[in-house]
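Fold and contact review
So you can see what is in the structure, the chains are spelled out below.
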Amino acid sequence: IPSELRKKPWEEPRLTKEIHTEVQLKNYGKFLEEYTSQLKAIEEALDDSIGDVWDFTLDPIALKLLPYEQSSLLELIKTENKVLNKVITVYAALCSEVKKLKYEAETKFYNGLLYYGEGVSDTSVVEGECQVQMGRFISFLQELSCFVSRCFEVVVNVVHQLAALYNSNKGATKIIESSGVHFQTVYEHLGELLVVLITLDEIMENHATLRDHWKMYKRLLKSVHHNPSKFAIPEEKLKPFEKLLLKLEGQLLDSMIFQACVDQRFDNPAEGVSVSKNSAFAEEFAQNIRTIFANVESKLGLDKYAGVCGLFVLHFHIFRTVDKKLYKALLDVCKKVPAVTLTANIIWFSDTFLINKVPAAAKMMDKKSLQAIRTSRDTFLQQKAQTLTKDVQSYYVFVSSWMMKMEAILSKEQRTDKLSEDLSNRCNVFVQGILYAYSISTIIKTTMNLYMSMQRPMTKTSVKALCRLVELLKAVQHTFHRRSLVVADSVSHITQQLQSQALTSISTAKKRVISDKKYSEQRLDVLSALVLAENILNGPSTRERRLVLSLALSVGTQMKTFKDEELLPLQLVLKKLDLISELRERVKVQCDCSFLYWHRAIFPIYLDDVYENAVDAARIHYMFSALRDSVPTMLHAKHMESCEQLLECYDKEIIDVFNEHLLDKLCKEIEKDLRLSVHTHLKLDDRNPFKVGLKDLAHFFSLKPIRFFNRFIDIKAYVTHYLDKTFYNLTTVALHDWATYSEMRNLATQRYGLVMTEAHLPSQTLEQGLDVLEIMRNIHVFVSRYLYNLNNQIFIEKTSNNKHLNTINIRHIANSIRTHGTGIMNTTVNFTYQFLRKKFYIFSQFMYDEHIKSRLIKDIRFFRETKDQSDQKYPFERAEKFNRGIRKLGITPDGQSYLDQFRQLISQIGNAMGYVRMIRSGGLHCCSSAIRFVPDLEDIVNFEELVKEEGLSEETQKAASLLDSVLSDLTSNSAEGTEYFKMLVGVFAPEFRSVKNMHLRNFYMIVPPLTVNFVEHSISCKEKLNKKNKNGAAFTDDGFAMGVAYILKLLDQYQEFDSLHWFQAVREKYMKEMNAVVKEQNVQATSQDEKLMQTMNLTQKRLDVYLQEFELLYFSLSSARIFFRADKTAAEETQEKKDREDVAKADAASSEASVSTESSAK
């Protein structure tokens, strides 16, 4: 085996290792490829929504920028100088505790107290609810009591620790050389803790509800004390409980928390610490107060001002000395700053505080200057009311330009060569944003709370201005939030840059100290402190590190280690470091609008303003964001079973106001606009935009949904739903309005971009008229109230209380049939048949009446005897005599004879027949419009067979068979339409022509008097059309002609009636009279008697009218007769039917014969 192929035993493991490595690398490569493709897929799915801009309303993931480490204070403070370590550790621990206590007070105790009694409306308070609330609250007060006690202990300890360092006692050992060391930070923290106690006092002072409930609760306890068994409480438990209550009341509710704190005994000989007699400490204390105050006064840092006042009072109570100059300076600040907001709606007047707590100094002040401070508050408010609008404008410009700077600076790519400059710019822009937020927040809180505490009314302009400021405040916060990713990226770089600047400055000073060869303990302390500062700066910029740094520099800056021009930049760098390290938290605190809960009365005014100025409606997002800020604070409410109740109450209140002042107004306005736009053809209010103004409400619909609590309010969806609901409900009430509402829907989409839902209601046209169903149910009313027109096929209402008369035509009927289906046609005819039966019964009774029958028989006999002399024509005079004579038989109260009533009966029968005719026409109309989509009516394919051939599913076959049946129905209906007249003749004719109804045979003889009666009635109706009182006016009544034609057909008396030649007789009679009048006129023309001439003209006119009316009746009757095949007698019809049947039989026989011959041939 060649040597190069020979394996060496020690190389084997190496080979296997390489193989494994390759396999793993391949796997890893594969994983990376898959992972990349998955990420790509996710990115594509997210599409446009992915980006570095964060939405404020949707915040599923939050970035916490607070620097964090797990090192304790003991691990951080490590130098060779053990004594210094101990000093700094003690102060750092105390300051940390103060911060924790302050945080606990701000989150838990302030809110728990402030929200006490909220969330219950005055009307819904149940008896005993107050005591129950207080009962739930006692445990919270007990916790507060422990908290206050702890605060007292910390205050005492801080004072002791400071006093121990600055000891004026000659015999006492010096811990460190403290002559040049000023631990200003410790005093500032002590001030913060005192402010917490002052705030608790102020909350208690202003909380009337809490005190009232407390009194009620104590009363309740007394009644329990008298009768413990009733309340099932053992007596031995009551005594300690009452003691606890007394303790709580004394400690907390009397607003003496701060007073009790400063009145504590600070001298404790047991611990060997002298405080009140310690002059060095007294001087150090006073100097620190002056230093802090100097900083406060120059910057007007209101947050520290209350702390300075607290320290001043504490100094007075310990040492019983007053620095009058400082006292006056403290009071002078009140003129510039009338009040300080401690928390939410709790406002604090420092002058009142200083006068009450340091009465010795107050006595030395002159009354005028104290009065001047109070008046300065009023003037401040008056000036604020005037300058607010200007403030808003200037801040609007500041904040807008700042936002532009933020966008510009953060969207710029960072250049490596200008990194330092770029970071400094970013740092300055961030700090500027916080400063703007601080200024705006101070203006809003101070102004609102001052108005509230002094109970002064605010003008609407001020309210709007303050709301604008709230929006600006939120805009600052949103800007930081939108750019969270870039800000987070910048913050860590900026802190590093600031730390390096500080380190450079410190190392310079350290070199200076080292170069000085003189040794002293003080110099050693300074060096150790600077080393500690350097160590601290080499690490994350946590709160603890920054605290230790400031304490270390308090020691390290003595002995002129830093020159003045070095110290100021260093202090500035450290301030920036403070701000940038807690950037997100500082922004949140400054932009927090939870105080708006107490001023929510301004919300309605704000919404009205937004509604009026719809152009910048998007700002409403900022306001809702501000209102949302109070939600986290409410979670600390303890007086209800669950804080959810308080949240629900708040939620409901805000939403109700929002609905009332914006959404509902918007809905109504949009609806009104749509209505007016659709009904422009009517004369409506003036809508000229130049006169009444124009509001573009469409801006509201381009808004994103507004986030509030755990839901979104979508204005567009709300309005769309409102319009959908309204249009649907109103369409159901009046179906014929569907077209109007469809138009309004389309307009809403075009004008406002609202996506409306179709109503899908059965659409009736505006010309639906009376519904077929209604007419069918009340056919007896219909035929008596409506008049028929034969030629136009319409029914017109006789009279109406309205200003218009209803009409019904074929289109209405067709629409009705379309709504209800063709089945309704047969039902209608059936109802008509029932109606005719009743009417014919009355008809028969009239014809059977002796007076009528005898007159008719007489007239028939007369005509038979005299027809040869009268040229086969029935004399007009005879008919007229019959018409007049019948009046002698009696008249109804409204002046109608029996013949009038009989005419009306026939008209009603005719109307019923006209209605049947219209139903048939309507049915054909409806069917033809439905079947117009079938290409060829002669050749309709059978869908069921086709579906079966294709072997489709059972459901499809069923659907196909249904389609076939519908098509066959439509074709049969549209082809012929049922011969309803034939049916209605066929059903009554045998009965009319039977022997037992012989009295009806005289009917043809009553037709001439009936026509005379009808013509007189018709002329009087037409004449009424021109009169003012149109009661009874009409221009058509063809029901009479239809009725006469129908009844003559039933009796088979067309020939008998024609034998009378009645209409020829009428024409002759009137022509004769007209000729006579013309002759008379010619004769009179010569004599020129005017009156006589007028009479002649009138007579001629009257004759013309009568003749024309008879002619019209004749034409109508002739037309009506066509429907009933008047050309054929009953006998001829029977013969024709027989012939038709014979032909059919012959056809059938011949076809059978042809079939048999074919089969035999086969």
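Note that this is a predicted model, so its numbers are computed, not measured.

**Things to note about the overall build of the chain**
Each helix and strand counted, the chain has 44 helices and seven strands in total. The C-alpha radius of gyration computed for the chain amounts to 53 Å, which surpasses the reference 32 Å derived for 1162 residues by more than 25%, pointing to a less compact arrangement than a globule. Here the chain holds 1162 residues, and 45% of them are scored as buried. Positive and negative side-chain charges in the chain, numbering 150 and 147 respectively, have mean positions lying 6 Å apart.

**Notes on the side chain of Arg483**
For Arg483, the location among the structural elements is in the loop between helix H16 (460-482) and helix H17 (484-515). For Arg483, the side chain forms a polar contact with the side chain of Glu407, separated by 3.3 Å.

**Details of the packing of aromatic side chains**
Taken as a whole and assessed by the stated rule, the structure comprises 62 aromatic pairs. Measuring from centroid to centroid gives 5.0 Å for Phe624 and Phe658, while their planes differ by 80°, and the two rings are edge-to-face. Taken together, the positions of Phe624 in helix H23 (residues 620-628) and Phe658 in helix H25 (residues 643-678) put the pair 34 residues apart, joining distant regions of the chain. Side by side, Phe624 and Phe658 carry an identical accessibility label, which is buried. Centroid distance Phe840 to Phe988: 5.0 Å. Interplanar angle 75°. Geometry classified as edge-to-face. Placement of the pair is Phe840 in helix H32 (residues 823-848) and Phe988 in helix H38 (residues 980-992), with a sequence separation of 148 residues. A relative accessible area of 5% places Phe840 in the buried class. These aromatic residues form a ring-pair network of at least three members: Tyr833, Phe840, Phe843, Phe846, Phe902, Phe981, Phe988, Phe992, Phe1003, Tyr1046, Phe1123 and Phe1124. Its end group placed over the ring of Phe316, Arg320 keeps NZ or CZ at 5.2 Å from the ring centre. The ring of Phe349 has Arg377 lying over it, and the distance from NZ or CZ to the ring centre is 4.0 Å.

**Notes on unusual backbone geometry**
Not every positive phi belongs to a glycine, and Ala344 is a case in point at roughly 45°. Within the fold, Ala344 resides in the loop between strand S1 (340-343) and strand S2 (346-348). The exposure class of Ala344 is buried, given its relative accessible area of 17%. The phi dihedral of His1061 is positive, around 45°, even though this residue is not glycine. Overall, His1061 belongs to the partly exposed group, its relative accessible area being 31%.

**Overview of the packing of H23 against H25**
At their nearest, the axes of H23 and H25 sit 12 Å apart, and the two run at 160° to each other. On the basis of the axis angle, H23 is roughly antiparallel to H25. Two packed elements cross with a definite hand, and for H23 against H25 that hand is right-handed. Taking contact as the criterion, the partners of Ile620, Phe624 and Leu627 in H23 are, on H25, Tyr650, Ile654, Phe658 and Leu662. Partitioned by chemical class, the residues of the contact of H23 with H25 number seven nonpolar, no polar and no charged.

**A look at the pairing of strand S6 (residues 794-797)**
Burial of the side chains of S6 extends over both faces: Ile794 and Ile796 are buried on one face and Phe795 and Glu797 on the other. In the sheet, strand S5 (residues 786-789) pairs with S6 via four bridges, with the strands oriented antiparallel. Within S6, the position partnered with Tyr788 by the bridge is Phe795. Linking S5 back to S6 in an antiparallel pair, the connection comprises four residues, with Gln793 at a positive phi of about 50°. Where S6 meets strand S7 (residues 807-808), two bridges bridge the pair, whose relative direction is antiparallel. Directly across from Ile796, in S7, lies its bridge partner Thr807.

**Here we look at the pattern of salt bridges**
For the structure on display, the rule yields 50 salt bridges. Across the salt bridge formed by Glu188 and Lys304, the nearest N and O atoms sit 3.9 Å from each other. Of this pair, Glu188 sits in helix H5 (residues 184-206) while Lys304 sits in helix H10 (residues 302-319), placing them 116 residues apart in sequence. Overlapping salt bridges bring together Lys464, Arg468, Glu471, Asp609, Asp616 and Arg619 as one network.

**A short note on the confidence of the model for the chain**
Looking at the chain, the pLDDT average stands at 87 and 93% of residues meet or exceed 70. Within the chain, no element has a lower average pLDDT than helix H26 (residues 689-692), which sits at 66, and none a higher one than H5, at 96. Below a pLDDT of 50 lies the segment residues 1-10, which in the model reaches two contacts outside its immediate sequence neighbourhood of four places, other chains included.

**Side note on the sheet that holds S6**
The antiparallel open sheet is built from three strands, whose spatial order is S5-S6-S7. Sheet topology places S5 and S7 at the edges, where each strand pairs with a single neighbour.

**Topic: the environment of Ala164**
In this fold, Ala164 is placed in helix H4 (residues 129-165). Residues Ala164 and Ser274 lie 110 residues apart in sequence; the distance between their C-alpha atoms is 7.8 Å.

**Overview of the side chain of Asn1002**
Tracing the backbone shows Asn1002 in the loop between H38 and helix H39 (1003-1024). At 3.4 Å, the side chain of Asn1002 forms a polar contact with the backbone oxygen of His999.

**Structural notes on the nonpolar core**
Counting 232 residues, the largest nonpolar core has Phe658, Phe700 and Ile715 as the members making the most contacts within it. When residues of this core are assigned to their parent elements, the largest contribution, 18 residues, is made by H4. Setting aside residues up to four positions removed in sequence, Phe658 forms contacts with Phe603, Leu607, Ile620, Phe624, Leu663, Ile706, Ile713 and Ile715. Of all hydrophobic cores here, the second largest spans 90 residues; its members include Ile775, Ile886, Ile906 and Phe1110.

What counts, and where the lines are drawn
- Residues numbered from 1 in each chain as written.
- Predicted model: local features only at pLDDT ≥ 70, side-chain atom pairs only at ≥ 80, totals over all residues.
- Heavy atoms only, no water.
- Helix = DSSP H or I, 4+ residues; strand = E, 2+ residues; numbered from the N terminus.
- Rg over C-alpha atoms; globule rule 2.2 N^0.38 Å.
- Buried < 20%, exposed > 50% of the residue type's maximum accessible area, 1.4 Å probe, protein only.
- Lys, Arg positive; Asp, Glu negative; His and termini not counted.
- Charge placed at Lys NZ, Arg CZ, Asp CG, Glu CD.
- Polar contact = N/O pair within 3.5 Å; in protein donor to acceptor, adjacent residues only side chain to side chain.
- Phe/Tyr/Trp six-rings, centres within 6.5 Å; stacked < 30°, edge-to-face > 60°.
- Lys NZ or Arg CZ within 6 Å of the ring centre and 35° of its normal.
- Axes fitted to C-alpha atoms, helices over the stretch in contact; angles between N-to-C directions.
- Parallel < 35°, antiparallel > 145°, perpendicular 65-115°, else oblique.
- Left-handed = near helix turned anticlockwise from the far one by under 90°.
- Contact = heavy atoms within 4.5 Å.
- Nonpolar A, V, L, I, M, F, W, Y, C, P; charged D, E, K, R; others polar.
- Pairing = 2+ DSSP bridges.
- Salt bridge = Lys/Arg side-chain N within 4 Å of Asp/Glu carboxyl O.
- pLDDT = per-residue confidence, 0-100.
- Core = buried A, V, L, I, M, F, W, Y, C linked by side-chain atoms within 4.5 Å.

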